[in-house]
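Examining the three-dimensional arrangement
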Amino acid sequence: MRADFYQLNSADPASRYPVLCRLLEKAEAASQAVYILCQDEAEVAHLDQYLWAFKPDAFIAHACADQRIDSSIILGHPDSVVVPKHKDICINLCSDLAPKEYERIIELVTQEHTMLITTREHFRTYQKSGRTMQYHKL
């Protein structure tokens, strides 16, 4: 089990979305399923639109958890009623910890002060749980 932290140079939370899309493309190419844990329903709605329009000549196929549609990429939030069946990758965009049952957890970290504090707590928790820790500075 592994946890990856990608540190971005920006403090803007929206700067995570292009990196997220690149990670999703890699996961798709490797036939890995991904659960994106958003902060709330508003972020799910925003990302739903963003993923369809990410590239002018392509899109990232996905579904929202509450739509009950089977997809390898699912968007959800802590209050989602439906959670994915797969446990491959969870990309955590939320201030909550990612669910522990995922093989790989990815956190995209901006330089916003509150996010840095939360991410440090997440790092310590994942490390204490025995995950292999990876850090990537972008």
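See the structure above.
Residues numbered from 1 in each chain as written. Predicted model: local features only at pLDDT ≥ 70, side-chain atom pairs only at ≥ 80, totals over all residues. Heavy atoms only, no water.

In this section: the nonpolar core. By size, the foremost hydrophobic cluster in this structure holds 24 residues, and its most contacted members are L20, L24, I36, I91 and L108. Counting only elements with at least two residues in this core, the list comes to α1 (16-29), β2 (34-37), α2 (41-53), β4 (73-76), β5 (89-92) and β6 (104-109). For this core, the element with the most residues is α1, which contributes 7 residues. Beyond its immediate stretch of four places on either side in the chain, L20 contacts I36, L47, I91, L93 and L108. Among the nonpolar cores identified, the runner-up in size contains 17 residues, and Y35, C90, L116 and M133 belong to it. (Core = buried A, V, L, I, M, F, W, Y, C linked by side-chain atoms within 4.5 Å. Buried < 20%, exposed > 50% of the residue type's maximum accessible area, 1.4 Å probe, protein only. Helix = DSSP H or I, 4+ residues; strand = E, 2+ residues; numbered from the N terminus. Contact = heavy atoms within 4.5 Å.)

Okay, the pairing of β2 next. Residues V34 and I36 of β2 are buried on one face, and the alternating residues Y35 and L37, pointing to the opposite face, are buried as well. Sheet topology note: the β2/β4 ladder contains 4 bridges and is parallel. Bridge pairing in β4 places I36 opposite L75. With 4 bridges connecting them, β2 and β5 associate as parallel partners. Across the sheet, residue Y35 finds its bridge partner in β5, namely C90. (Pairing = 2+ DSSP bridges.)

With that settled, consider the sheet that holds strand β7 (residues 132-137). Where strands meet in a sheet, backbone hydrogen bonds hold them as pairs that are either parallel or antiparallel. Across the sheet, which stays open at both edges, the 7 strands sit in the order β3-β4-β2-β5-β6-β1-β7 with parallel pairing between neighbours. Since the sheet does not close on itself, it has two edges, and those belong to β3 (63-64) and β7, each with one partner. As judged from the 6 bridges shared by strand β1 (residues 2-7) and β6, these two strands associate in the parallel manner. Along β6, the bridge assignment pairs R2 with R104. Sheet strands touched by α2: β2, β3 and β4. Its angle to β4, the strand with the most contacts, is close to 150 degrees. Contacts between helix α3 (residues 113-128) and the sheet are confined to β1, β5, β6 and β7, with β6 contributing the most and set at about 160 degrees to the helix. (Axes fitted to C-alpha atoms, helices over the stretch in contact; angles between N-to-C directions.)

Secondary-structure assignment places S80 in the loop between β4 and β5. A polar contact of 2.8 Å, which involves the side chain of S80, links it to the backbone nitrogen of H77. Excluding residues that lie within four positions of it along the chain, S80 makes contacts with Y35, A65 and D66. (Polar contact = N/O pair within 3.5 Å; in protein donor to acceptor, adjacent residues only side chain to side chain.)

Next up on the list: unusual backbone geometry. A positive phi angle, near 55 degrees, is found at S31, a position not held by glycine. Counting through the fold element by element, S31 comes out in the loop between α1 and β2. Look at S31 and you get exposed, because its relative accessible area is 67%.

Looking at the secondary structure, you find L116 in helix α3. Sequence separation between L116 and Q7 is 109 residues; the distance between their C-alpha atoms is 9.6 Å.

By the definition in use, this model includes 4 salt bridges. Close ionic contact of D4 with R104 constitutes a salt bridge, the shortest N to O distance being 2.8 Å. One end of the pair, D4, is in strand β1; the other, R104, is in strand β6, and 100 residues separate them in sequence. Judged on exposure class, the residue D4 and its partner R104 are both buried. (Salt bridge = Lys/Arg side-chain N within 4 Å of Asp/Glu carboxyl O.)

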